[in-house]
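# Survey of secondary and tertiary structure
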Amino acid sequence: MRYAKNALSYFGMIALAAFMIAPFIWMILVSLHPSQSPIPTLADIVPKKPAYENYGKVLFDPNIPVARFFFNTVFVTLSVVVGQLLVTSLAAYGFARFKFVGRELTFALFLASMMFAGPVLQIPMFLIVKGFGWLDTYAALIVPGLSSAFNVFLLRQAFLAIPKELDEAAKLDGAGYFRIYWRVLLPLAKPSLATAAAFTFFGVWTDFFWPFISTNSMETRTLEVGLSIFGNSYGGTNWPLEMTAAVIVMAPLLLVFLFCQRYFVRGVMLGSIK
Amino acid sequence: MTDRREARFGWLFIGPAFLHLLVFALIPICYAFGLSLFKTRMIRPEKAFVGVDNYTFALHEDSFRNALWNSTRYAILSVPLGIVVALAVAVLVNQKLRGVTIFRTLYYIPAISSGIALSMLWIYVYLPETGMINSGLHLLGITNKTDFLSQVEWAMWGVVVMSVFTGLGPRMVLFLAGLVGIPQELYEASALDGATGWRAFWKITLPMLVPTTFFVVVTSTISALQIFTPIYMMTKGGPEESTDVVGYHIYTEAWVNFNTGLAAAKSFVLLAAIVVISLIQFRLMRNQLQGYSAA
């Protein structure tokens, strides 16, 4: 009875996994079919002679600078992750450890801003960034991402969980506020910082809408926008190359995910404990 | 150390984040509201104050009403379906089985994937002859050549089914957290009363998961109301505007028609819906938490 139940569970899990992963396997297999070849049916999905040259073709396409998109994405994502961790952890420290007039109201504003949906902010953000003269520059891609209300909230919770006595002890040793933040709180909040970093990393790397409207030259496009151009310019006519581009976008995401998946599980759960 | 000094340092630390909040959230939201009261276009600078005219126009416009209806339809279809599937999967992977964490990881992958790549993959799933569904059916000896994404009766379902899988990961993790939090003694006690298996699921698991479920419903609904990327890549709102949801509709109004003021007004209608849903969540959560502490 027990074995039958376990067997059934494994059957269910494997079937679901197969269905979830099938499109990804298909993506890799199609990317190895010769360029311009028609969409293979399931029967002849495995390429007879893998066309690895597709990867060179896409990475060094003369019209679509994929290598440049790749660099832009890495540069923008890393800048945002580092900058955002610094800005949000400082704010979280302020909220968790200092008393001042207007603190509750300010914090409430941060929380309320989480409701401001993308479609509402898109037009004014565009006009403001345009006013700064930042359209089509790295600044447009990086600066709006330098803080996140969600991460302020998440890191504040992490700091609140650290006993205040540790601050006091450091203060007796002559540490100033900034030193306490840098030497006591940040090291102890490492798991939450990693969670925040993981969420931001994937959020920025796969962000589509904002880079799509705030940039328009090939030099500033990110991979996600580049991939949409790729999809649209081939319009389903060259699936092997489209899928090659998709694999190039997905591979780093999967690699990073495999290394930091446990922080994800933590982060998703933290979001629910308000 | 004086209070004043402490306050100064508090503000100093919050400063950068607060400045960011001001420039990229608070000012934009006021700016958007201001724009919604003007008849203004992105490409021409002149503005005319029209008060609430944009709002009255939007609420009477057939295509915007259609978009509101499509978003509602999308939320009503995708949220319950996504939640039932996620709960079932969470129960499945909450068992003490060898290798179960590998499956949890696999199920999470679509949630960290590129939205554009996912949309391209799901276009393939739905292709008329060579797509995964139809060529799979072909292997089973069933001939079906439906072009799912270009049929009015199928296109919305196509996007809904995709969202069930791509949104599975985070929902599953939330339910897992809820399941782990249920005290084991409850199951032991009910086993003494003879309630195991399905009966225990109905009598203990489901009631104990109410707070989690509620949270998942609200967050899923809010994100369902904003769906954009799959629509942009897969259907462009078609066929016959049957998948023209609010997120895509506002995008078209703002960046294709360049009707800035009208698009801003429409986005505020969406914001109003989201705020109402969030407030309901807040109220209910508070009642629930009070219920817990009283118990």
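All residue numbers here refer to positions counted from 1 along the written sequence of the relevant chain. Written order decides the labels, with chains lettered from A and ligands numbered from 1. It should be noted that, the model being predicted, local features are given only for residues of pLDDT at least 70 and side-chain atom pairs only at 80 or more, the latter also being counted only at that level, while totals for whole chains, interfaces and linings use all residues.

## Overview of the overall build of chain A
What counts as a helix is a DSSP run of H or I of at least four residues, what counts as a strand is a run of E of at least two, and both are numbered from the N terminus. Tallying secondary structure elements over chain A gives 13 helices and 0 strands in all. For chain A, the sequential pattern of α-helices and β-strands runs α-α-α-α-α-α-α-α-α-α-α-α-α. The globule rule puts the C-alpha radius of gyration for 274 residues at 19 Å, and the 23 Å found for chain A is more than 25% above it. Along the longest, intermediate and shortest principal axes, the C-alpha atoms of chain A span 70 × 65 × 35 Å. With C-beta atoms placed from the backbone, a residue counts as buried when 20 or more other C-beta atoms lie within 10 Å of its own, as exposed when 12 or fewer do, and as partly exposed for counts between those limits. Burial analysis of chain A (274 residues in total) assigns 42% to the buried set. We call two residues in contact when the distance between their C-beta atoms, placed using the backbone, is within 7 Å. Sequence separation of 24 or more characterises 75% of the internal contacts of chain A that already satisfy a separation of 6 or more. The atom set for the radius of gyration is the C-alpha atoms, and the globule formula is 2.2 Å times the number of residues raised to the power 0.38.

## Some thoughts on the overall build of chain B
A count of helical and extended segments in chain B gives 14 helices and 2 strands. Relative to the globule expectation of 19 Å for 295 residues, the C-alpha radius of gyration of chain B, 24 Å, shows a markedly less compact shape. Structurally, chain B occupies a C-alpha span of about 75 × 75 × 30 Å along its principal axes. By residue count, 41% of the 295 residues in chain B fall in the buried class. Contacts in chain B between residues at least 24 apart in sequence constitute 68% of all its contacts with a sequence separation of at least 6.

## Focus: the nonpolar core
The term nonpolar core refers to a group of buried residues, namely Ala, Val, Leu, Ile, Met, Phe, Trp, Tyr and Cys, whose C-beta atoms join them within 7 Å. Membership of the largest hydrophobic core comes to 152 residues, with the highest contact counts inside it found for Ala 91, Ala 245 and Ala 246 of chain A together with Val 89, Ala 117, Trp 122 and Met 172 of chain B. With residues up to four places along the chain from it excluded, the contact list for Met 172 of chain B reads Ala 86, Val 89, Ala 90 and Tyr 107 of chain B.

## A short note on the interface of chain B and chain A
Taken together, the contacts link 75 residues of chain B with 71 residues of chain A. Tallying contributions element by element places helix α1 (residues 3-36) of chain B first for the side of chain B that touches chain A, with 21 residues.

## Considering the confidence of the model for chain B
Residue and element names in this part refer to chain B. As a per-residue quantity, pLDDT reports the predictor's confidence and falls between 0 and 100. In this model, chain B carries an average pLDDT of 86, and 95% of its residues clear a pLDDT of 70 or more. Put simply, helix α14 (residues 260-294) is where chain B has its lowest mean pLDDT, 78, and helix α3 (residues 62-93) is where it has its highest, 93. Scored below 50 in pLDDT, residues 291-295 shows 0 contacts in the model against residues more than four places distant or in partner chains. For this predicted complex, the interface confidence reaches an ipTM of 0.87, while the overall pTM sits at 0.86.

## Examining the packing of α3 of chain B against helix α7 (residues 152-166) of chain B
Packed helix pairs are specified by the crossing angle of their axes together with the interaxial distance, meaning the distance between the axes. All names here are of chain B. Two elements in contact, α3 and α7, have axes whose closest approach is 9 Å; the angle formed by their N-to-C orientations is 35°. Between α3 and α7 lies a crossing of right-handed hand. Contacts between α3 and α7 involve Arg 73, Tyr 74, Leu 77, Ser 78, Leu 81, Gly 82 and Val 85 from the former and Met 156, Val 159, Val 160, Ser 163 and Val 164 from the latter. Residue composition of the contact of α3 with α7, grouped by class: 8 nonpolar, 3 polar and 1 charged. Working convention: axes come from line fits to C-alpha atoms, limited for helices to the stretch in contact. Angles between N-to-C directions cover 0 to 180 degrees. Here a crossing is taken to be left-handed if its near helix is turned anticlockwise relative to the far helix by less than a right angle, and right-handed if that turn runs clockwise. All residues other than Ala, Val, Leu, Ile, Met, Phe, Trp, Tyr, Cys, Pro, Asp, Glu, Lys and Arg, Gly among them, are scored as polar; the first ten of these are nonpolar and the last four charged.

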